[in-house]
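As a plain string of letters, each chain reads:
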Amino acid sequence: MRRAVLLLALLLPSALHAQAPPFPWDPLFLGYGTEPEMDYGGRTVMSLQSAISRGFGSIAGVGERHPGLAPAWEFPVGAAVLLIQHEVDGHGGRAREFGLSPSYAFHFDFSAATGTRRPPKTNEGNALIGAAGTEADQVMAHRALLDFLRPEGADGAKAPLALMSKLDLTLYVAEVKNPRSDPNGFLQQYRDGNDMAYYLFSRQAQRRGADPASVWDGTYGPDGQDPLLQHNYDAMRATALWNLLDPVLVGSMVNYFREHVLGGQVRVHAPTLRLSDGVGLMIGTRGALGPQEVSRFLDLHAATRRGVYTIYVRDLDSSIDRAYGFGAAVHGFPLGRAAELGLSADTWSEPDSRERIRTGTGWNTTAEVDTLFADRWGISAKAGAKSEGFFPGLPLSDGAYVAFGVRGVW
């Protein structure tokens, strides 16, 4: 797999072609992949958002008579489909990965829950499942923001969904009580099923060697005097704040109202700092919660006519040690009119931690191809390989993973 990715990278200079003209709307997408495939699941959810929003827009005449009405349905529809990504592709994706047979409950008040037929076998699994809802939302938001950086932009209806999915981690963490100043409230949140409180207690249970089933069913007796519990809480809040301060998100939302809501344009573009004709730079921030650390990403994006290029630094903080990771990717590189290429490569060091789950160096490589034939139908395929360890949106185990999807212009 790594040789194939390197070969594709070497062939890039010979594959330059003029970019196909943009479509009025993004092709609709339906895909599935190796669990916990949060990326192709997120692409499917974004297409659902676009399709429903187009239906409302055709009735109201958005872009023709009443462009300013778009937020009236694009935000509520986005909030509804976000539940699918959070529960089914997030919590459910990790639960399916661990063979736990998840089930779901969705309510009219925009709340939802995920249950499993069996409890997780490890507290690492508990921590991953607890954080998986926000993890999946971050994966979806990252792809959406990359699409906004492309020269043709992306469906404006996706911007509210990108905003809500990006902020899900930040808002969820903001709700969590401080274990030092309000230990009873914090404990009650865990008993009530708060994902972030559950995540923190799962990490503590891993350190203490507690029974994973007791953590899952809410009978775990936490150690309120554990100083690492507070340190993990502080690191989680710092990650949530870092995730919030994303210039790509801010710029995309400004242009959502300027281009889409007020201007009536179908597509939205993220602003960049123009270096030359056809080349612009932008920075972005991301956050993720792993089973023995929190991760903070700093992205540097170069938006060009031939794809969006990204390099990043990843800070992995276990509360007793810090390690770093690095990566590079290209998104939407044109291979003529009918295909686009995506490549990514990641490496990271695992920090020392009291959870003592794993040490050493991790890596990941991914290649993706999107096709569209006769301007109507196409397929998407993704294949990758990675070492054992946590990376947002990917399987925990080592080995290969794949995903497939179909695309159609409506």
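Residues numbered from 1 in each chain as written. Predicted model: local features only at pLDDT ≥ 70, side-chain atom pairs only at ≥ 80, totals over all residues. Heavy atoms only, no water.

**Let's talk about the layout of surface pockets**
Taken as a whole, the largest pocket encloses approximately 810 Å³ of empty space. Along the walls of the largest pocket sit 31 residues, with Glu 87, His 91, Tyr 172, Gly 193 and Asp 195 positioned nearest its centre. Where the lining of the largest pocket is concerned, the elements lending two or more residues are α3 (71-97), β3 (112-116), α4 (123-149), α5 (158-174), α6 (183-191), α7 (195-208) and α8 (212-217). Top contributing element to the lining of the largest pocket by residue count: α3, with six residues. The residue inventory of the lining of the largest pocket, partitioned by class, reads 15 nonpolar, eight polar and eight charged. (1 Å grid on protein atoms, 1.4 Å probe; cavity = no way out; pocket = protein on both sides within 12 Å on 5 of 7 lines; lining within 4 Å. Points joined across faces, edges and corners; volume = space filled by probe spheres on them. Helix = DSSP H or I, 4+ residues; strand = E, 2+ residues; numbered from the N terminus. Nonpolar A, V, L, I, M, F, W, Y, C, P; charged D, E, K, R; others polar.)

**Digging into the sheet that holds strand β11 (residues 339-350)**
Spatial ordering of the open sheet is given by β1-β14-β13-β12-β11-β10-β9-β8-β7-β6, a layout of ten strands whose pairing is antiparallel. A strand with exactly one partner marks an edge of an open sheet, and here the two such strands are β1 (28-33) and β6 (273-276). Between one strand and the next, the sheet's axes are offset by a mean angle of 15°, whatever the strand orientation. With twelve bridges joining them, β11 and strand β12 (residues 360-371) adopt antiparallel strand pairing. (Pairing = 2+ DSSP bridges. Axes fitted to C-alpha atoms, helices over the stretch in contact; angles between N-to-C directions.)

**Overview of the nonpolar core**
Phe 148, Leu 149 and Leu 161 are the most contacted members of the largest nonpolar core, which has 27 residues in total. Per-element tally for this core: the top contributor is α4, with six residues. (Core = buried A, V, L, I, M, F, W, Y, C linked by side-chain atoms within 4.5 Å. Buried < 20%, exposed > 50% of the residue type's maximum accessible area, 1.4 Å probe, protein only.)

**Here's the deal with the pairing of strand β10 (residues 322-334)**
For strand β9 (residues 307-317) and β10, the ladder comprises ten bridges, and the chain directions are antiparallel. Pairing of Asp 317 across the sheet is with Arg 322, part of β10. From the end of β9 to the start of β10, which pair antiparallel, there are four residues, and Ser 319 there has a positive phi angle of about 85°. In the sheet, β10 pairs with β11 via eight bridges, with the strands oriented antiparallel.

**Considerations on the packing of α7 against helix α9 (residues 227-244)**
Packing of α7 against α9 leaves a shortest axis separation of 10 Å and a crossing angle of 140°. As judged from the angle between their axes, α7 and α9 are oblique. In the packing of α7 onto α9, the handedness of the crossing is right-handed. Taking contact as the criterion, the partners of Met 196, Tyr 199, Leu 200, Phe 201, Arg 203, Gln 204 and Arg 207 in α7 are, on α9, Leu 228, Leu 229, Asn 232, Tyr 233 and Met 236. Per-class residue counts for the contact of α7 with α9 are eight nonpolar, two polar and two charged. (Parallel < 35°, antiparallel > 145°, perpendicular 65-115°, else oblique. Left-handed = near helix turned anticlockwise from the far one by under 90°. Contact = heavy atoms within 4.5 Å.)

**Things to note about the packing of aromatic side chains**
To describe a pair of aromatic rings, you give the distance between the ring centres and the angle between the ring planes. This structure, assessed with the given rule, holds 13 aromatic pairs. Between Arg 43 and the ring centre of Phe 29, over which it is positioned, the NZ or CZ distance is 4.0 Å. Positioned over the ring face of Tyr 40 is Arg 43, at 5.1 Å from the centre of the ring. (Phe/Tyr/Trp six-rings, centres within 6.5 Å; stacked < 30°, edge-to-face > 60°. Lys NZ or Arg CZ within 6 Å of the ring centre and 35° of its normal.)

**Focus on a nonpolar patch on the surface**
Taken together, Ile 283, Leu 298, Leu 300, Ile 311, Val 313, Tyr 324 and Phe 326 make up a surface patch of nonpolar side chains, about 610 Å² in accessible area. Every element with two or more residues in the nonpolar patch is listed here: β8 (294-304), β9 and β10. Note on placement: Ile 311 falls in strand β9. (Patch = residues over 30% accessible without salt bridge, like charges linked within 9 Å, V, L, I, M, F, W, Y side chains within 5 Å. Areas by Shrake-Rupley, 256 points an atom, 1.4 Å probe, with all protein chains shown as cover. Salt bridge = Lys/Arg side-chain N within 4 Å of Asp/Glu carboxyl O.)

**Overview of unusual backbone geometry**
A cis amide bond links Glu 35 with the next residue in sequence, Pro 36, at an omega value of 10°. Within the secondary structure layout, Pro 36 lies in the loop between β1 and α2 (38-60). Phi at Phe 110 takes a positive value of approximately 65°, unusual for a residue other than glycine. Given a relative accessible area of 45%, Phe 110 falls into the partly exposed group. For Arg 356, which is not glycine, the phi torsion reads 50° and is therefore positive.

**A look at the pattern of salt bridges**
Note on pairing: side chains with opposite charge can pair once their charged atoms come close. Following the criterion strictly, the structure yields 27 salt bridges and no others. For Arg 267, the salt bridge identified is with Asp 26, shortest N-O distance 2.5 Å. With a gap of 241 residues between them, Arg 267 in strand β5 (residues 267-268) and Asp 26 in the loop between α1 (2-11) and β1 connect regions that are remote in the sequence. Taken individually, Arg 267 and Asp 26 each receive the classification buried, so the pair is uniform in this respect. Between Glu 152 and Arg 150 there is a salt bridge, and its shortest N-O distance comes to 2.7 Å. For Glu 152, a relative accessible area of 15% translates into the label buried. Here the residues in one salt-bridge network are Glu 37, Asp 39, Arg 43, Arg 143, Glu 368, Asp 370 and Lys 382, joined through shared partners.

**Considerations on α6**
What α6 keeps buried is the set Gly 185, Phe 186, Gln 189 and Tyr 190. In an axial view of α6, the angular spread of the buried residues amounts to 145°, which keeps them on one side of the axis. Its buried side turned inward, α6 meets α7, α8 and α9. At the exit of α6 stands Gly 193, carrying a positive phi of roughly 95°. (Arc of directions from axis to C-beta.)

**Overview of the packing of α4 against α7**
At a minimum axis distance of 8 Å, the contact between α4 and α7 shows a crossing angle of 160°. With respect to their mutual orientation, α4 and α7 come out roughly antiparallel. Taken as a pair, α4 and α7 cross one another with a handedness that is left-handed. In this structure, α4 uses Asn 123, Glu 124, Asn 126, Ala 127, Gly 130, Ala 131 and Thr 134 to contact α7, whose residues at the interface are Asp 195, Met 196, Tyr 198, Tyr 199, Ser 202, Arg 203, Ala 205 and Gln 206. For the contact of α4 with α7, a count of residues per class yields six nonpolar, six polar and three charged.

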